[in-house]
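Coordinate analysis (summary)
Here are the chains, one letter per residue:
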Amino acid sequence: GYVVLFRIVYFHALYLSYSSQIDNFGYQLGLRGEYTYFETQSLGYGQDAASTPWYKNDYFGLFPTVFLTYRLTESDELQLDYTRRLQRPWGGQLNPFVNITDSSNISYGNPLLLPQYANAYEFNYIKTWKEAQTLSISAYYRSTEDMVQHISYLDATPELGGKVMKSTYFNIGESRSIGGEI
């Protein structure tokens, strides 16, 4: 068996938001500042807390949002949006416990993972009819940085008895997507 200890875990966030309308132009601006800090320790079979290191991770991020709206007519509207978000790694991705249930396939988490950051831009045209029918045409662009990826590699260390497949997680790669919706 193993034990995962979290000594300190906290998130601090501050949200600011402002919206207004000037004639046919409306806007909403927002900003979230967020600080995260945690310490964790994973004890496997035969390990004790005094000789096993604590993993520490802390990060700060600013996450703006911008929503702009322009009413062309009573039934036609244009919207332009921008948001920045984060997705934290889940516990299994962070847990450094080495799973050796199958000695030829060893897996473990990475306690030093950072969150993924995503930016999204969207442009919308919305047409509304009096019969409560709506047509929405959207174009978007989304990018993600520091993607958490599952990585497997072959370790041919002789002490491990030859070839062993190991798997863990790292912040590598980026993602970009562009598209449209009706």
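Above this text you will find the structure in question.
Residue indices follow the written sequence of each chain, beginning from 1 at its first position. Confidence filtering applies because this is a predicted model: local features only for residues at pLDDT of at least 70, side-chain atom pairs given and counted only at 80 or more, and all residues used for totals across whole chains, interfaces and linings. Side-chain measures here rest on the full set of heavy atoms in the structure, leaving out hydrogens and waters.

**Let's talk about the sheet that holds strand E6 (residues 105-107)**
A pair of strands is treated as paired once DSSP finds two or more bridges between them. Numbered from the N terminus, helices here are DSSP runs of H or I no shorter than four residues, and strands are runs of E no shorter than two. On the basis of which strands lie adjacent, the open sheet formed by four strands has the order E5-E6-E10-E9 and mixed pairing. Strands with a single pairing partner mark the edges of an open sheet, and in this sheet they are strand E5 (99-102) and strand E9 (148-155). Neighbour to neighbour, the strand axes of the sheet diverge by 25° on average, direction disregarded. Where E5 meets E6, two bridges bridge the pair, whose relative direction is antiparallel. Looking at the pairing, Asp102 lines up with Asn105 of E6. Here an axis means a line fitted to C-alpha atoms, over the contact stretch when the element is a helix, while the angle between two N-to-C directions is reported on a 0 to 180 degree scale.

**What to know about the environment of Pro158**
Relative to the assigned elements, Pro158 resides in the loop between E9 and strand E10 (164-171). Each C-alpha atom, one on Pro158 and one on Thr168, is 20 Å from the other, the two residues being 10 residues apart in sequence.

**Details of the packing of aromatic side chains**
Here a ring pair, both rings aromatic, is described through the centre-centre distance and the interplanar angle of the planes. Each Phe, Tyr or Trp ring, with Trp reduced to its six-membered ring, pairs with another whose centre is within 6.5 Å; inter-plane angles below 30 degrees give stacked pairs, above 60 give edge-to-face pairs, and intermediate values give tilted ones. Across all of its chains, the model carries five aromatic pairs by this definition. With a centroid separation of 6.1 Å and an interplanar angle of 10°, the aromatic rings of Phe63 and Tyr117 are classed as stacked. In this pair, Phe63 is assigned in strand E3 (residues 55-73) and Tyr117 in strand E7 (residues 116-128), connecting sequence segments 54 residues apart. Both residues of the pair, Phe63 and Tyr117, belong to the buried class. Clustering of aromatic rings is evident, with ring pairs tying together Tyr18, Phe25 and Tyr27. In this analysis the charged atom, NZ for Lys or CZ for Arg, is taken to sit over a ring once it is within 6 Å of the ring centre and within 35 degrees of the ring normal. The ring of Tyr140 carries the charged tip of Arg142 above its face, separated from the ring centre by 3.8 Å. Throughout this description, buried means an accessible area under 20% of the type-specific maximum (1.4 Å probe, protein chains only), exposed means over 50%, and partly exposed covers the range between.

**Topic: the pairing of E3**
With 16 bridges joining them, strand E2 (residues 25-43) and E3 adopt antiparallel strand pairing. Across the sheet, residue Phe38 finds its bridge partner in E3, namely Asn57. Both E3 and strand E4 (residues 76-87) contribute to a ladder of eight bridges, which runs antiparallel. Of the residues in E4, the one forming a bridge with Thr73 is Asp76.

**Description of the pattern of salt bridges**
Should a side-chain nitrogen of Lys or Arg be within 4 Å of a carboxyl oxygen of Asp or Glu, the pair is scored as a salt bridge. Taken as a whole and judged by the stated rule, the model has seven salt bridges. In this structure, the salt-bridge partner of Asp76 is Lys127, at a minimum N-O distance of 3.5 Å. Of this pair, Asp76 sits in strand E4 while Lys127 sits in strand E7; the two residues are 51 residues apart in sequence, bridging distant segments of the chain. Both residues of the pair, Asp76 and Lys127, count as buried. Of the charged contacts, one joins Arg176 and Glu174 as a salt bridge, the two residues approaching to 2.9 Å between their closest N and O atoms. Residue Arg176 is classed as exposed on the basis of its relative accessible area of 55%. Connected through shared salt-bridge partners, Arg32, Glu34 and Arg88 make up one network.

Keep in mind these numbers describe shape, not what the thing actually does.
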